[in-house]
Amino acid sequence: MSFEKVLTRYQDIPGYTGTLDAYEAQGGYQALRKAFKEMQPAEIIEAVKRSGLRGRGGAGFPCGVKWGFIPRDSPKPVYLVVNGDESEPGTFKDRMLIEEEPHQILEGIVLASYAIGCHQAFLYCRGEFVRGARMLRRALDEAYAKGYIGRRILGSGFDLEVVLHRGAGAYICGEETGLLESLEGKRGQPRPKPPFPAISGLYRCPTVVNNVETLSNIPHILLRGPEWYAGIGPAKSTGPRLFSVSGHVERPGNYELPMSVTLRQLIFEHAGGIRGGRRLKAVIPGGSSSPVLTEQHLDVGMDFDSLAAAGSMGGSGAVIVMDDTTCMVRVGEIVSRFYHHESCGQCTQCREGTAWLHKTLRRIEHGQGRPADLDLLLDMCDNMKGKTICVLSDAAAMPIESYLKHFRDEFERHVRERACPFGAGV
Ligand SMILES: Cc1cc2nc3c(=O)[nH]c(=O)nc-3n(C[C@H](O)[C@H](O)[C@H](O)COP(=O)(O)O)c2cc1C
Ligand code: SF4
């Protein structure tokens, strides 16, 4: 069956709740009507700036500021590219938004496009999201049929085409410039920056790249007002955030909360605490790229700045919880294997560094580590940071450094006893 046929077989998807009727019944597309009637594009950008919305894809960059970088008088077309590649290990909130609220994403896309003067948007959906891609195809067809997307939207003079594009299963295509290369039909290899996409993005034209969750916030900001949004959570990390909580908790899942929530509240109140009443050992607070935190950090706020001050980052919002049965060397072995596999190979530090990190961690875990390996790991990490085209290399190094910082004795025990004390590497 052809790719397009797979996508158009969406009428028979069991449990689909994201229909246009359901979305409209909850006030869906009202923000769009309001914006076309009452707001100029520059006013929308200003409102998003005032809301304080920061990108939910990983870096937490202020969304309105990014939109403001797009030149207003560009002779070239302006593009909006929506990042639905969600591949950061532990993250599953964009998938939920795609499968359950596809029209909320589409409304955000139309509003963002109107604000930045884009008439051609691309929605890049992770290749493995077969069900999600069908939902998006269905939602797009519904939105086109109802006049929310296409020519002269809602009788305004504004035109917008939205193309759904499926990835082919590479983590690096979530990095915005790797994604742009992939959209252009090339290998998904990140581009050196600058120039940033706002100046030279898709087909070398001004481009905004935004995450699916970021854009899902836009209709609510415009409908309820930027002050309402800015009033949720800490002053510099406004609005609700979706936290994907996984690992050794009683109730894993996506939790939508203000970022003033502490790590302790998130794990113990919302996610039901550690499974079987065991003891917490370590938490990865923002996807596998983020440095690990421990029990001593439980009272840290889950906003971008507090997590940075605690030595980690908010990243993709994926909170991976580990109890006292977890071997941190084994975690390092698994995480470094992932980054080695996903490195695009352009930069020596990343291509070789991820391979050597994995080899060294593997031998420590399997009882063949040497005392010098611990400092060797730190030296490798040092050589991998801040020197490459994109930050995948940093993302591979920073977690390993943090495991060594907080659990060095565990690494030393592996070397001394020539075996994994947890029995995992045998
Ligand atoms: C290695 C790597 C992988 C990334 N993967 C994703 C991803 O899967 N989804 C995503 O939205 N952003 C991802 N990002 C961040 C994007 O490069 C970009 O910052 C983001 O899509 C911008 O959207 P936002 O400003 O709305 O957050 C990744 C970044 C890096 C360095
Ligand atoms: S850092 Fe790694 S993934 Fe990023 S461009 Fe270089 S080799 Fe590719």
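Residues numbered from 1 in each chain as written. Chains lettered and ligands numbered in written order. Predicted model: local features only at pLDDT ≥ 70, side-chain atom pairs only at ≥ 80, totals over all residues. Heavy atoms only, no water.

Visitor: What is the right way to look at the site of ligand 2 in this model?
Guide: Cys344, Gln346, Cys347, Cys350 and Cys390 are the nearest of the 13 residues found near ligand 2. Along the lines of polarity and charge, the residues of the shell around ligand 2 split into eight nonpolar, five polar and no charged. (Near = heavy atom within 4 Å. Nonpolar A, V, L, I, M, F, W, Y, C, P; charged D, E, K, R; others polar.)

Visitor: What am I meant to see in the packing of aromatic side chains here?
Guide: The description of an aromatic ring pair rests on the distance of the ring centres and on the angle between the ring planes. One pass over the full model with this rule turns up twelve aromatic pairs. With 3.7 Å between their ring centres and 5 degrees between their planes, Tyr29 and Tyr148 make a pair best called stacked. Placement of Tyr29 in the loop between helix 2 (20–25) and helix 3 (30–38) and of Tyr148 in the loop between helix 8 (130–145) and strand 3 (161–166) is noted, with a sequence separation of 119 residues between them. Of the two residues, Tyr29 and Tyr148, neither departs from the other in class, the shared state being buried. Ring plane angle 80 degrees and centroid distance 4.9 Å describe the contact between Phe36 and Tyr114, whose orientation is recorded as edge-to-face. Within this pair, whereas Phe36 is found in helix 3, its partner Tyr114 is found in helix 7 (residues 102–116), the two being separated by 78 residues in sequence. Judged on exposure class, the residue Phe36 and its partner Tyr114 are both buried. Of the aromatic side chains, those joined through ring pairs into one cluster are Tyr23, Tyr29 and Tyr148. (Phe/Tyr/Trp six-rings, centres within 6.5 Å; stacked < 30°, edge-to-face > 60°. Helix = DSSP H or I, 4+ residues; strand = E, 2+ residues; numbered from the N terminus. Buried < 20%, exposed > 50% of the residue type's maximum accessible area, 1.4 Å probe, protein only.)

Visitor: Looking at this structure, I do not really get the site of ligand 1. What am I missing?
Guide: Close to ligand 1 lie 17 residues; Gly57, Lys66, Asn83, Asn211 and Thr214 are nearest. Between ligand 1 and Arg56 there is a distance of 3.3 Å, counted from an oxygen atom to a backbone nitrogen or oxygen. Contact between ligand 1 and Asn211: an oxygen atom at 2.8 Å from a side-chain N or O atom of the residue. In terms of residues, the shell around ligand 1 owes the most to one element, strand 4 (residues 207–211), which gives three residues. Residue classes in the shell around ligand 1 are distributed as three nonpolar, eight polar and six charged. (Polar contact = N/O pair within 3.5 Å; in protein donor to acceptor, adjacent residues only side chain to side chain.)

Visitor: Hey, could you run me through the environment of Val81 in this one?
Guide: One can find Val81 in strand 1 (residues 79–84). Between the C-alpha atom of Val81 and that of Asp141, which follows or precedes it by 60 residues, the distance is 19 Å.

Visitor: How should helix 16 (residues 348–365) be read in this particular structure?
Guide: Each α-helix turn comprises 3.6 residues. Residues three or four places apart therefore point the same way. The first and last C-alpha atoms of helix 16 sit 25 Å apart over 18 residues, in line with the 26 Å expected at 1.5 Å per residue. Burial in helix 16 covers these residues: Cys350, Gly353, Thr354, Ala355, Leu357, His358, Thr360, Leu361, Arg363, Ile364 and Glu365. Here the buried face of helix 16 lies against helix 15 (328–342), helix 17 (373–384) and helix 18 (392–417). One or two positions beyond helix 16, positive phi appears at Gly367, with a value near 80 degrees. (Expected span 1.5 Å × (residues − 1). Contact = heavy atoms within 4.5 Å.)

Visitor: Any chance you could explain the side chain of Ser200 here in plain terms?
Guide: Mapped onto the fold, Ser200 is located in the loop between helix 9 (176–183) and strand 4. According to the relative accessible area criterion, Ser200 is buried, its value standing at 15%. The contact partners of Ser200, leaving out residues within four places of it in the chain, are Arg191, Pro195 and Cys205.

Visitor: Would you take a moment to explain the domain arrangement of the protein for this structure?
Guide: Frequently, the measure chosen for interface size is the accessible area that the parts lose on association. Domain boundaries in the protein define domain 1 (3–230), domain 2 (240–323) and domain 3 (328–417). Look at where the C-alpha atoms of domain 1 and domain 3 centre, and you get two points 35 Å apart. With twelve residues of domain 1 at the contact, the number on the domain 3 side is eight residues. Between domain 1 and domain 3 lies a buried interface of about 820 Å² when both sides are counted; carbon and sulfur atoms form 67% of it. (Domains from an automatic or database assignment. Buried area = accessible area lost by both parts, 1.4 Å probe.)

Visitor: I would appreciate a short explanation of a nonpolar patch on the surface in the present structure.
Guide: On the surface, Phe61, Val65 and Phe69 cluster together to form a nonpolar patch covering roughly 250 Å² of accessible area. In this structure, Val65 sits in helix 5 (residues 63–68). (Patch = residues over 30% accessible without salt bridge, like charges linked within 9 Å, V, L, I, M, F, W, Y side chains within 5 Å. Areas by Shrake-Rupley, 256 points an atom, 1.4 Å probe, with all protein chains shown as cover. Salt bridge = Lys/Arg side-chain N within 4 Å of Asp/Glu carboxyl O.)

Visitor: Just checking my understanding: could you explain the sheet that holds strand 3 for this structure?
Guide: Two orientations exist for strands paired in a sheet by backbone hydrogen bonds: parallel and antiparallel. Across the sheet, four strands lie side by side as 3-2-1-4; this open sheet has parallel pairing. Both outer strands of the open sheet, strand 3 and strand 4, are each paired with one neighbouring strand and no more. Going across the sheet, the axis of each strand differs from the next one's by a mean of 20 degrees, ignoring polarity. Examined bridge by bridge, strand 1 and strand 4 share five bridges and lie parallel to one another. Paired with Val82 across the bridge in strand 4 is Asn210. Set on the sheet, helix 7 makes contact with strand 1, strand 2 (120–125), strand 3 and strand 4; between it and strand 1 the angle comes to about 150 degrees. Sitting on the sheet, helix 8 is in contact with strand 2 and strand 3, with an inclination near 170 degrees to strand 3. (Pairing = 2+ DSSP bridges. Axes fitted to C-alpha atoms, helices over the stretch in contact; angles between N-to-C directions.)

Visitor: What should I look at first to understand the sheet that holds strand 8 (residues 318–323) in this one?
Guide: The four strands are arranged 6-5-8-7 in an open sheet whose pairing can be described as mixed. Looking along the sheet, the strands with just one partner apiece sit at the ends: strand 6 (253–258) and strand 7 (280–284). Taken over all neighbouring pairs, the strand axes of this sheet differ in orientation by 30 degrees on average, direction set aside. With four bridges connecting them, strand 5 (residues 240–247) and strand 8 associate as parallel partners. The partner of Ser246 across the bridge, within strand 8, is Ile320.

Visitor: It is not clear to me how the environment of Glu227 should be interpreted in this structure. Could you clarify?
Guide: Note on placement: Glu227 falls in helix 12 (residues 226–230). It is 8.8 Å that separates the C-alpha atoms of Glu227 and Ala47, two residues lying 180 residues apart in sequence.

Visitor: So what exactly am I meant to see when it comes to the pattern of salt bridges here?
Guide: For side chains of opposite charge, pairing can occur when their charged atoms come near one another. Summed over all chains, the structure comprises 31 salt bridges. One salt bridge connects Glu181 with Lys186, and the closest N-O pair in it is separated by 3.8 Å. Measuring nitrogen to oxygen at the nearest pair gives 2.6 Å for the salt bridge that ties Glu184 to Lys186. Using a relative accessible area of 17% as the deciding quantity, one classes Glu184 as buried. Through salt bridges with shared partners, a single network forms among Glu181, Glu184, Lys186, Arg191 and Arg204.

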